[in-house]
Amino acid sequence: DQQVKQNSPSLSVQEGRISILNCDYTNSMFDYFLWYKKYPAEGPTFLISISSIKDKNEDGRFTVFLNKSAKHLSLHIVPSQPGDSAVYFCAARITGNQFYFGTGTSLTVIP
Amino acid sequence: DVKVTQSSRYLVKRTGEKVFLECVQDMDHENMFWYRQDPGLGLRLIYFSYDVKMKEKGDIPEGYSVSREKKERFSLILESASTNQTSMYLCASSLRVTNEKLFFGSGTQLSVL
């Protein structure tokens, strides 16, 4: 049973615009959330994280929002660049436990 | 720079062969993980290890085993490879205390014919 879900398999955005990637989870015990970025034939690389005690975390062009009541996580990329084209995975963790990953969203930024 | 190294980028094996996938990390991490990535299914955890000689089953351990004889090395073993084990295999590691971030290797694309 998928505890972390990314319902959009793909997303296309114009360069310079905002990209919004969404993630939903079912387990209210998750206390830490992450986003990973993956290029073809490479391993995922860490992008940004957020603890459940926060509702927003920013790092440059990347912002992650957490809505605990809705069990919803989103990643905003502003402005989007062609180099951001990749597959994005969200992940969630219970303290001391394993990470659960979503199915991924393939982002294409059109020049 | 931190590094997780997987021994092969591409591997082609025959059905029924025993397959070894090797992973080495140089970060002195206690935790090590094996995932497989399949289209539409995301990353699924096969096995993980919190310490030398320790192992725990993940969500899809059937058909796999692991070995952790040294802290830096975590091996995934396919006892008798089958076509449904064709996949991208990803090794990862993390610090035990914080366990806040997984560091991944580049992956091994395994094809079982």
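Residues numbered from 1 in each chain as written. Chains lettered and ligands numbered in written order. Predicted model: local features only at pLDDT ≥ 70, side-chain atom pairs only at ≥ 80, totals over all residues. Heavy atoms only, no water.

Draft legend 1. Geometry of the overall build of chain B. What chain B contains, in helices and strands, is zero helices and eleven strands. What you see in chain B, going N to C, is helices and strands ordered as β-β-β-β-β-β-β-β-β-β-β. Rg of the C-alpha trace for chain B: 13 Å, near the compact-globule value of 13 Å for 113 residues, within the 12% margin. With the C-alpha coordinates of chain B rotated into their principal frame, the extents come out at 40 × 25 × 25 Å. (Helix = DSSP H or I, 4+ residues; strand = E, 2+ residues; numbered from the N terminus. Rg over C-alpha atoms; globule rule 2.2 N^0.38 Å.)

Draft legend 2. Focus on the nonpolar core. Val4, Phe33, Trp35, Leu73, Leu75 and Tyr88 of chain A are the most contacted members of the largest nonpolar core, which totals 24 residues. Elements that contribute at least two residues to this core include exactly β3 (19–25), β4 (32–38), β5 (45–51), β7 (62–67), β8 (72–77), β9 (86–93) and β11 (105–110) of chain A. Here this core gets four residues from one element, more than from any other, and that element is β9 of chain A. Every residue in contact with phenylalanine 33 of chain A, bar those within four places of it in the chain, is listed here: Tyr25, Ile48, Ser49, Ile50, Ser52, Leu66, Leu73, Ala91 and Ala92 of chain A. Counting 21 residues, the second-largest nonpolar core is a separate cluster that includes Val19, Met32, Ile60 and Val66 of chain B. (Core = buried A, V, L, I, M, F, W, Y, C linked by side-chain atoms within 4.5 Å. Buried < 20%, exposed > 50% of the residue type's maximum accessible area, 1.4 Å probe, protein only. Contact = heavy atoms within 4.5 Å.)

Draft legend 3. Inspection of the sheet that holds strand β3 (residues 19–25) of chain B at higher detail. Residues and elements named next belong to chain B. A sheet is described by the order of its strands in space; here four strands give the open sequence β1-β3-β8-β7, paired in antiparallel fashion. Only two strands of the sheet have a single partner each, and these edge strands are β1 (4–6) and β7 (64–70). Within this sheet the neighbouring strands show an average axis-to-axis angle of 20°, counted without direction. Where β1 lies against β3, three bridges are found, and the strand directions are antiparallel. Paired with threonine 5 across the strands is valine 24, a residue of β3. (Pairing = 2+ DSSP bridges. Axes fitted to C-alpha atoms, helices over the stretch in contact; angles between N-to-C directions.)

Draft legend 4. Seen up close, the pattern of salt bridges. Residue and element names in this part refer to chain B. Overall, the coordinates contain eight salt bridges over all chains when judged by the stated rule. Between lysine 71 and aspartate 28 there is a salt bridge, with the nearest N and O atoms lying 3.0 Å from each other. Of the two residues, lysine 71 is situated in the loop between β7 and β8 (73–78) and aspartate 28 in the loop between β3 and β4 (31–38); the sequence distance between them amounts to 43 residues. Assessed through its relative accessible area of 26%, lysine 71 is described here as partly exposed. (Salt bridge = Lys/Arg side-chain N within 4 Å of Asp/Glu carboxyl O.)

Draft legend 5. Expanded view of the interface of chain A and chain B. Opposite the 19 residues of chain A that make contact, chain B presents 22 residues. Here chain A and chain B share an interface that buries about 1,700 Å² over both sides, 55% of which is from carbon and sulfur atoms. Across the contact surface, chain A and chain B share zero salt bridges. Counting across the chain A and chain B interface gives five residue pairs in polar contact (both at pLDDT 80 or more). Of all the secondary-structure elements, those providing two or more residues to the side of chain A that touches chain B are β4, β9 and β10 (99–101) of chain A. At four residues, β4 of chain A tops the list of elements feeding residues into the side of chain A that touches chain B. (Buried area = accessible area lost by both parts, 1.4 Å probe. Polar contact = N/O pair within 3.5 Å; in protein donor to acceptor, adjacent residues only side chain to side chain.)

Draft legend 6. Molecular detail of unusual backbone geometry. Residues and elements named next belong to chain A. Omega for the peptide link from valine 78 to proline 79 comes to -15°, which places this bond in the cis form. Even without being a glycine, alanine 41 presents a positive backbone phi close to 65°. With a relative accessible area of 31%, alanine 41 lands in the partly exposed category. In this structure, lysine 71 takes a positive phi of about 55° despite not being glycine. If you trace the backbone, lysine 71 turns up in the loop between β7 and β8. The class for lysine 71 is partly exposed, based on a relative accessible area of 26%.

Draft legend 7. The arrangement of the state of the cysteines in detail. Residue and element names in this part refer to chain A. Under the defined criterion, the tally for this structure stands at two disulfides over all chains. Put simply, cysteine 23 and cysteine 90 are joined by a disulfide, and their sulfur atoms are 1.9 Å apart. When the S-S torsion is 70°, as for the bridge of cysteine 23 with cysteine 90, the disulfide is right-handed. Residue cysteine 23 is found in strand β3, and its partner cysteine 90 is found in strand β9; the two are separated by 67 residues along the sequence. (Disulfide = S-S within 2.5 Å.)

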